[in-house]
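Topology and contacts: notes
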Amino acid sequence: MTTAPPTSEESPELAARRAARLGGTEGVLEPDAVTRFIAEQLDAADLDGKSVCIIVPDATRSCPMPLLLKAVHGALHGRASRLTTLVALGTHQPMSEKALGRHLGFTAGRLEETYPGMAVVNHQWWDPGTFANLGTIPAARLEELSEGRLSMDVPVLLNRAVVEHDVALVVGPVLPHEVVGISGGNKYFFPGVAGQAIIDVSHWLGALITSAEIIGTTGITPVRALINEGAALVPARKLAFCVVGVSGSLDLHSVSFGDTLAAWADAAQVCAATHVTYLDEPVSRVISIIPQMYEDIWTGAKGFYKLEPAVADGGEVILYAPHITEISTSHPEINEIGYHCRDYFVKQWDRFKHVHWGTLAHSTHLRGAGTYDAVTGEERLRVKVTLATRIPEEVCHAANLGYLDPDSIDLAAEEADEETLVVPNAGEVLFRLR
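Here goes a summary of the coordinates provided. (Residues numbered from 1 in each chain as written. Predicted model: local features only at pLDDT ≥ 70, side-chain atom pairs only at ≥ 80, totals over all residues. Heavy atoms only, no water.)

Here the focus is the overall build of the chain. From N to C terminus, the chain includes 19 helices and 20 strands. Against the globule reference of 22 Å for 434 residues, the chain gives a C-alpha radius of gyration of 21 Å, in line with a compact fold. By principal-axis analysis of the C-alpha atoms, the chain measures approximately 65 × 50 × 40 Å. By residue count, 59% of the 434 residues in the chain fall in the buried class. When contacts within the chain are restricted to residue pairs at least 6 apart in sequence, those whose partners lie at least 24 apart make up 77%. Surface summary for the chain: the accessible area is close to 16800 Å², and the carbon and sulfur share equals 49%. Distance between charge centres in the chain, computed from 33 positive and 54 negative side chains, equals 4 Å. (Helix = DSSP H or I, 4+ residues; strand = E, 2+ residues; numbered from the N terminus. Rg over C-alpha atoms; globule rule 2.2 N^0.38 Å. Buried < 20%, exposed > 50% of the residue type's maximum accessible area, 1.4 Å probe, protein only. Contact = heavy atoms within 4.5 Å. Areas by Shrake-Rupley, 256 points an atom, 1.4 Å probe, with all protein chains shown as cover. Lys, Arg positive; Asp, Glu negative; His and termini not counted. Charge placed at Lys NZ, Arg CZ, Asp CG, Glu CD.)

Set out below in structure tokens:
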């Protein structure tokens, strides 16, 4: 796996030693124990009279957010001078009041009854007025962090809510991730509540390395190094509760607390032991069942990312999601460029460099490994990707993806087929060859 020097001399292994942890790789935690742990850690922190911005994920991550947020609020209400919960959308769709209530555990329109004195806001990534300018990562430094892959000045814009609070408290899960290796920690700042430039650069850097190479890496990948570099510019004190859940449920294996570097590094160790399934042989056909929390292919594509490393050359991944009706709710440009391998874009850079690099990265992540011959115009892809959704057949083919009528799939019969791997609740557990 590709790694780069961290922004300090400290390795993730050393950073993890500074974290406090409840739980581990075995068993699940009782909710009362989680609440007590959170209260104990925050009680011991110097937060009296401080304003606290709580950064949480949107609903595309499995996590008992009501349990966690109520514990944090209970420990800080009356102590903190101000509490704001900021939903780290990245560039996902904003959450409605009703959706926020379901996600965070309050009745829509009655936030004050459950969380007195606390505001809840979406990260409004589409509004330039959202951002504070923290400075610039110089081209020479980006070249160093990216191991020579990219060289340009990167403006570091961050949601001003983070900057306008004394403390930034990240609360959310840690999972294998196609761009950064293992998600969580400082990733909640970049891209979670960041401006477009650093989102594009970080995602395209991950795409240049490729998802299959970077996903699940617990070390400091070049993308993680870039994110940490940006986070070092955040003026707020940065703390985190990084949790590792049981995939497909709201149970938790562990909760790690500390600064964002330490809590992430500690939780990443648990994640690597609980969210990777090793296979002895590559599989030729996969039916990846996409859960309801992914509302489009932009987010549901995680059901491919997590399977690609275990699929045989020439194999097929079928994304089974009868509830999905469109490729992207926020990024229509993906329908224009379609899905292609990395070299398709790299070898035609003048044609595509104007497109948001985050969109190009998403395209390569779902299409996986392949080659492109600029002379003949031939693209060869290692794995076939087929959508079994409510997206029309012509739209799938126009996007360079296969189509299968979801009503034609008999899941029980597929599970009995020795040649097919059926993966329920796909998108959070990584599959790899042993």
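Still more to cover.
Glancing now at the pairing of strand E16 (residues 378-381). Where strand E15 (residues 370-373) and E16 come together, 4 bridges link them in antiparallel fashion. Opposite Tyr 372, over in E16, you have Glu 379 as the bridge partner. Hairpin connection of E15 to E16: 4 residues between the antiparallel strands, including Gly 377 at a positive phi of 75°. (Pairing = 2+ DSSP bridges.)

Moving on to the packing of helix H8 (residues 196-209) against helix H17 (residues 357-367). Look at H8 against H17: their axes get within 7 Å of each other, and the N-to-C directions meet at 30°. Of the possible angle classes, the one that applies to H8 and H17 is roughly parallel. Relative to H17, H8 is oriented so that their crossing is left-handed. Counting all contacts with H8, which are made through Asp 200, Val 201, His 203, Trp 204, Gly 206 and Ala 207, the residues of H17 involved are Trp 357, Gly 358, Leu 360, Ala 361, Thr 364 and His 365. Of the residues contributing to the contact of H8 with H17, the split by class is 6 nonpolar, 5 polar and 1 charged. (Axes fitted to C-alpha atoms, helices over the stretch in contact; angles between N-to-C directions. Parallel < 35°, antiparallel > 145°, perpendicular 65-115°, else oblique. Left-handed = near helix turned anticlockwise from the far one by under 90°. Nonpolar A, V, L, I, M, F, W, Y, C, P; charged D, E, K, R; others polar.)

One open sheet accounts for 7 strands, arranged E1-E11-E10-E7-E2-E3-E4; its pairing is mixed. Looking at strand neighbours, the two that pair on one side only are strand E1 (20-23) and strand E4 (118-122), the edges of this open sheet. The average angle at which neighbouring strand axes cross in this sheet is 15°, direction not considered. As paired strands, strand E2 (residues 51-57) and strand E3 (residues 82-88) are joined by 7 bridges and run parallel to one another.

This part takes up the environment of Glu 378. Position of Glu 378 among the secondary structure elements: in strand E16. Between the alpha carbons of Glu 378 and Tyr 344 there is a distance of 9.1 Å; along the sequence they are 34 residues apart. Discounting residues that sit within four places of it in the chain, Glu 378 has contacts with Thr 371, Tyr 372 and Asp 373. Within the local environment of Glu 378, its side chain forms a polar contact with the side chain of Arg 380, the two groups lying 3.1 Å apart. (Polar contact = N/O pair within 3.5 Å; in protein donor to acceptor, adjacent residues only side chain to side chain.)

Let us look at the nonpolar core. In this structure, Ile 55, Val 162, Phe 189, Phe 190, Trp 204 and Leu 366 are the most contacted members of the largest nonpolar core, which totals 99 residues. Ranked by residues supplied to this core, first place goes to H8 with 8 residues. Excluding its chain neighbours within four sequence positions, the residues that come into contact with Ile 55 are Leu 86, Ala 88, Val 162, Ala 168, Leu 169, Val 170, Val 171, Tyr 188, Phe 189 and Val 193. With 40 residues, the next largest nonpolar core counts Phe 37, Val 52, Val 87 and Val 167 among its residues. (Core = buried A, V, L, I, M, F, W, Y, C linked by side-chain atoms within 4.5 Å.)

On inspection of all chains with the given rule, the structure shows 9 aromatic pairs. For the pair Trp 125 and Trp 126, a centre-to-centre distance of 5.6 Å together with 85° between the ring planes defines the contact as edge-to-face. Looking at Trp 126, the relative accessible area reads 43%, which means it is partly exposed. Between the aromatic rings of Phe 345 and Phe 352, the centroid separation amounts to 4.9 Å while the plane-to-plane angle is 90°, which identifies the pairing as edge-to-face. The pair formed by Phe 345 and Phe 352 is uniform in burial state, with each residue classed as buried. Chaining the aromatic ring pairs together yields one cluster made of Tyr 344, Phe 345, Phe 352 and Tyr 372. We note Arg 224 situated over the ring of Trp 264; from NZ or CZ to the ring centre the distance is 4.1 Å. (Phe/Tyr/Trp six-rings, centres within 6.5 Å; stacked < 30°, edge-to-face > 60°. Lys NZ or Arg CZ within 6 Å of the ring centre and 35° of its normal.)

This next bit is on the pattern of salt bridges. What the rule picks out here adds up to 18 salt bridges. Linked through salt bridges whose partners overlap, the residues forming this network are Glu 10, Arg 18 and Asp 259. (Salt bridge = Lys/Arg side-chain N within 4 Å of Asp/Glu carboxyl O.)

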